[in-house]
Amino acid sequence: MESMERLMNNLNFYKDKIVLVTGHTGFKGSWMCKVLTMFGAKVIGYSLEPPTQPSLFKIAKIEKDIVSVIGDIRDLDNLNGIIQKYQPEIVIHMAAQPLVRESYQNPVYTYETNVIGTVNICEAIRNCQSVKSFVNVTTDKVYKNNEWEWGYRETDALDGFDPYSNSKSCSELVTSSYNKSFLHANGVAVSTCRAGNVIGGGDFAVDRIIPDCVRAMEDKTEIIVRNPYSTRPYQHVLEPVITYLVLAMLQYKDKSIADSFNVGPDDCDCVTTGELVDMFCRIYGEGAKWKNIAEKNAPHEANFLKLDCSKIKTVLKWKPRWHIQDAVEKTIEWSKSYLSGEDVTLIMEKQIKEYLGVNS
């Protein structure tokens, strides 16, 4: 197997490939589309309108370089029609209701989107002969969380606690069933990827700590932290995005590679929320500071969670390129550029090239 660095340099594989990205108007989806278009892919996006205002999708003008279809992943007929019309070769499924706290407020919508949405994309792929490679992006929260010190492996039990996490566990099971029942026999390579918490420029979501930090800087207020003691694996958004693309490329060429994979940072990048915010304040400067406001009767969230990524390191020869401090620095670089009114597409292209080690 080639090294991950050599594989990333081979992303020209995507030139003129038709790639369907669901959830393309979201934070990760926008970065995904930007990388794909830089490598010459013909991107078809399928998603609801951007989930935040402002949104990276609009700010970075992602729509001008792709075919953007505004549609609901729960609408099978519409989704089927789009896939039949454009005949994608590769599908990357990221459409989701992605927030734990939102899932407590709207559990039915969360399950409809994350479970039935997965059924629909699998069914649409089953009915489309052009698809050769399918990657379903889930989350590190799919595992039954025992709050133990070691990382979860792909063979550990799937049993997410809250509606979001549980719906993603169900999404994994749906994908496995469709693969065994239909997709493998149809010649489709199918993988699921369980990523940790991502940070990066352009995330405007509510109830996420780095977007909260950036909003506080914009408003010139203290950063509010709900739970500074919870430990999470943090990584820059380009870490999983590039990994999904490398995996989709490799299994397109060799279906035996397809499987379920954890995509997370090294142990040194598993930090508490308080440590992360301390790092943000130190790097951002300008008097940035935070305060702890613990919520009474807050919805349950795991206190300790990390992944064992031995499998993907072995199969893809993968390892994280940017550690937590790098990720925070890149996020702040993007955010300061945005807050200064600069063209964020330029900083996105710069950071993508830096990540890939491209000089021009």
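Fair warning: this is a prediction, and the values are worked out from it, not measured in the lab.

Rules used in this analysis
- Residues numbered from 1 in each chain as written.
- Predicted model: local features only at pLDDT ≥ 70, side-chain atom pairs only at ≥ 80, totals over all residues.
- Heavy atoms only, no water.
- Helix = DSSP H or I, 4+ residues; strand = E, 2+ residues; numbered from the N terminus.
- Rg over C-alpha atoms; globule rule 2.2 N^0.38 Å.
- Buried < 20%, exposed > 50% of the residue type's maximum accessible area, 1.4 Å probe, protein only.
- Contact = heavy atoms within 4.5 Å.
- Areas by Shrake-Rupley, 256 points an atom, 1.4 Å probe, with all protein chains shown as cover.
- Lys, Arg positive; Asp, Glu negative; His and termini not counted.
- Charge placed at Lys NZ, Arg CZ, Asp CG, Glu CD.
- Arc of directions from axis to C-beta.
- Pairing = 2+ DSSP bridges.
- Axes fitted to C-alpha atoms, helices over the stretch in contact; angles between N-to-C directions.
- Phe/Tyr/Trp six-rings, centres within 6.5 Å; stacked < 30°, edge-to-face > 60°.
- Lys NZ or Arg CZ within 6 Å of the ring centre and 35° of its normal.
- Polar contact = N/O pair within 3.5 Å; in protein donor to acceptor, adjacent residues only side chain to side chain.
- Parallel < 35°, antiparallel > 145°, perpendicular 65-115°, else oblique.
- Left-handed = near helix turned anticlockwise from the far one by under 90°.
- Nonpolar A, V, L, I, M, F, W, Y, C, P; charged D, E, K, R; others polar.

Q: Requested: an account of the overall build of the chain, with residues and values cited.
A: Tallying secondary structure elements over the chain gives 13 helices and twelve strands in all. Relative to the 2.2 N^0.38 estimate, which gives 21 Å for 360 residues, the radius of gyration of the chain is 19 Å and therefore close to what a compact globule would have. Projecting the C-alpha coordinates of the chain onto the three principal axes gives extents of approximately 55 × 45 × 40 Å. Evaluated residue by residue, the chain yields a buried proportion of 57% over its 360 residues. Across the chain, contacts joining residues at least 24 apart in sequence account for 81% of those joining residues at least 6 apart. On the chain, roughly 14,900 Å² of surface is accessible, and the fraction owed to carbon and sulfur atoms is 49%. The positive charge centre, built from 41 side chains, and the negative charge centre, built from 46, are 3 Å apart in the chain.

Q: Outline helix H4 (residues 76-86), listing residues and values.
A: Within the sequence span of H4, burial applies to Leu 79, Asn 80, Ile 82 and Ile 83. End-on, the buried residues of H4 take up no more than an arc of 165°, which puts them together on one face. Among the exposed residues of H4, those pointing more than 90 degrees away from its buried face are Asp 77 and Lys 85. In the core, the buried residues of H4 are packed alongside strand S1 (18-22), strand S2 (42-47), strand S3 (67-70) and helix H6 (107-126). A positive phi of about 50° marks Gln 87, the residue just after H4.

Q: Account for the sheet that holds strand S7 (residues 197-199), with residues named and values stated.
A: On the basis of which strands lie adjacent, the open sheet formed by three strands has the order S7-S9-S11 and mixed pairing. In the strand order of this sheet, the two ends are held by S7 and strand S11 (270-272), each with one partner. When strand polarity is set aside, the average angle formed by the axes of neighbouring strands in this sheet is 50°. The sheet strands contacting helix H9 (residues 238-253) are S7 and strand S9 (231-236), and the helix crosses S9 at an angle near 65°.

Q: Outline the sheet that holds strand S10 (residues 260-263), supporting the account with residue identities and numerical values.
A: Read from one edge to the other, the open sheet built from seven strands follows the order S3-S2-S1-S4-S5-S6-S10, with strand pairing classed as parallel. Single-partner strands in this sheet number two, and they are S3 and S10. If you compare each strand with its neighbour and ignore which way they point, the axes differ by 15° on average. Across four bridges, the pairing between strand S4 (residues 90-93) and strand S5 (residues 133-137) is parallel. What sits directly across from His 93, in S5, is Asn 136. Sitting on the sheet, H4 is in contact with S1, S2 and S3, with an inclination near 175° to S2.

Q: So what's going on with the packing of aromatic side chains? Which residues, and what values?
A: One pass over the full model with this rule turns up nine aromatic pairs. A centroid spacing of 5.5 Å and a plane angle of 20° characterise the contact between Trp 334 and Tyr 338, whose relative ring orientation is stacked. Linking Trp 334 with Tyr 338, this pair stays in helix H12 (residues 324-339), spanning four residues, or about one helical turn. Overall, Trp 334 belongs to the buried group, its relative accessible area being 1%. The ring of Phe 13 has Lys 17 lying over it, and the distance from NZ or CZ to the ring centre is 4.3 Å. Here the basic side chain of Arg 321 rests over the ring of Tyr 355, its NZ or CZ set 5.5 Å away from the ring centre.

Q: Can you lay out the environment of Asn 127 for me, pointing to particular residues and giving the numbers?
A: Among the secondary structure elements, Asn 127 is positioned in the loop between H6 and S5. Considering only alpha carbons, one finds Asn 127 and Asn 80, 47 residues apart in sequence, at a separation of 7.9 Å. The residues contacting Asn 127, other than those within four sequence positions of it, are Asn 80 and Gln 84.

Q: How would you summarise the side chain of Ser 169 if you had to cite specific residues and measurements?
A: If you trace the backbone, Ser 169 turns up in helix H7 (residues 163-183). In terms of polar contacts, Ser 169 uses its side chain to reach the backbone amide nitrogen of Gly 160, at 3.0 Å. Contact partners of Ser 169, with chain neighbours within four places excluded, come to Val 142, Leu 158, Asp 159 and Gly 160.

Q: Quick rundown of the packing of H12 against helix H13 (residues 344-356)? Include the residues and the values.
A: With their axes 9 Å apart at the nearest point, H12 and H13 run at an angle of 165° to one another. Put simply, H12 runs roughly antiparallel to H13. For H12 against H13, the interelement crossing comes out right-handed. Contacts between H12 and H13 pair Lys 330, Glu 333, Trp 334, Ser 337 and Tyr 338 from the former with Val 344, Ile 347, Met 348, Lys 350, Gln 351 and Glu 354 from the latter. By residue class, the composition of the contact of H12 with H13 is five nonpolar, two polar and four charged.

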